[in-house]
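Single-letter residue listing:
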Amino acid sequence: MDTVFIREFRVDAWVGIYEWEKQRAQTLEMEIEIGLPDQVPRTENIRDTVNYGAVVERISAELAARKFKLLEALAEHVCTVLTTDFHAQWVRVSVAKLAHIRNVRKLGVTLERRRSPAA
């Protein structure tokens, strides 16, 4: 499957269960892969692919406007936006907190989702 990818995407988001995490937004790092429709390699039309600039803008806005307790819920929301609003056939979203635990550079989650056939 052909994909569009967005690597080392840093975004500020409200996420956490502890009081100290709720005091300010945290910088997260995201890796996103988006499955492309079959016709993309045969066309030069931006409407036939996924506009990665629009994805970055939308995800940044979504995460600035919402609060999440868990990275899993945040990643699920991103997957839903991509499969629903951007019509991605398939997505893989990794979200990492940076230097959140001593001696750990990154920790996080990876989710993979497919668009439902009815969507």
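Note that the coordinates shown come from a computational prediction; the quantities given were computed from them, not determined experimentally.

Can you help me understand the overall build of the protein in this one?
Secondary structure assignment for the protein yields two helices and five strands. Ordering the α and β elements of the protein from the N terminus gives β-β-α-β-α-β-β. Seen through its principal axes, the protein has C-alpha atoms that stretch 50 × 25 × 20 Å. Within the protein, buried positions represent 38% of all 119 residues. Considering only contacts in the protein between residues 6 or more positions apart, those separated by 24 or more positions represent 60%. As displayed, the protein has an accessible area near 7,500 Å², and 49% of this comes from carbon and sulfur atoms.

Explain the pattern of salt bridges here, please?
This structure, assessed with the given rule, holds 11 salt bridges. Taking the shortest distance from any N to any O, the salt bridge between Arg-7 and Glu-31 comes out at 3.8 Å. Of this pair, Arg-7 sits in strand E1 (residues 3-15) while Glu-31 sits in strand E2 (residues 26-35), and the two are 24 residues apart along the sequence. Note on Glu-31: relative accessible area 24%, which makes it partly exposed. Salt-bridge contacts for Arg-7 lead to Glu-33; the nearest nitrogen and oxygen are separated by 4.0 Å. Of this pair, Arg-7 sits in strand E1 while Glu-33 is found in strand E2, placing the two residues 26 residues apart along the sequence.

Any chance you could explain the sheet that holds strand E4 (residues 90-101) here in plain terms?
Sheet strands line up and pair through hydrogen bonds in the backbone, either parallel or antiparallel. Pairing in this open sheet of five strands is mixed, and the strands run E3-E1-E2-E4-E5 from one edge to the other. Looking at which strands have only one partner, the edges of the open sheet turn out to be strand E3 (67-68) and strand E5 (104-114). In terms of strand pairing, E4 meets E5 through 10 bridges, oriented antiparallel. Each residue of the ladder has a partner; that of Lys-97, found in E5, is Leu-107. Strands E1, E2 and E3 of the sheet are contacted by helix H1 (residues 52-65), whose axis makes an angle of about 15 degrees with E1.

Help me out: how do you make sense of the packing of aromatic side chains in this one?
The geometry of an aromatic ring pair is captured by two quantities: the separation of the ring centres and the angle between the planes. Enumeration over the complete set of coordinates arrives at one aromatic pair. Seen in terms of ring centroids, Tyr-18 and Trp-20 are 6.4 Å apart; in terms of plane orientation they differ by 0 degrees. Their pairing is stacked. Looking at Tyr-18, the relative accessible area reads 48%, which means it is partly exposed. One residue, Lys-67, lies across the ring of Trp-14, its end atom 4.6 Å from the ring centre.

Can you help me understand the environment of Val-109 in this one?
Here Val-109 is to be found in strand E5. Exposure remark for Val-109: the relative accessible area of 17% places this residue in the buried category. Between the C-alpha atoms of Val-109 and Ala-96, which are 13 residues apart in sequence, the distance is 6.6 Å. Once residues within four sequence positions are removed from consideration, Val-109 is found in contact with Leu-71, Glu-72, Ala-75, Val-93, Ser-94 and Val-95.

Thresholds, definitions, all that
- Residues numbered from 1 in each chain as written.
- Predicted model: local features only at pLDDT ≥ 70, side-chain atom pairs only at ≥ 80, totals over all residues.
- Heavy atoms only, no water.
- Helix = DSSP H or I, 4+ residues; strand = E, 2+ residues; numbered from the N terminus.
- Buried < 20%, exposed > 50% of the residue type's maximum accessible area, 1.4 Å probe, protein only.
- Contact = heavy atoms within 4.5 Å.
- Areas by Shrake-Rupley, 256 points an atom, 1.4 Å probe, with all protein chains shown as cover.
- Salt bridge = Lys/Arg side-chain N within 4 Å of Asp/Glu carboxyl O.
- Pairing = 2+ DSSP bridges.
- Axes fitted to C-alpha atoms, helices over the stretch in contact; angles between N-to-C directions.
- Phe/Tyr/Trp six-rings, centres within 6.5 Å; stacked < 30°, edge-to-face > 60°.
- Lys NZ or Arg CZ within 6 Å of the ring centre and 35° of its normal.

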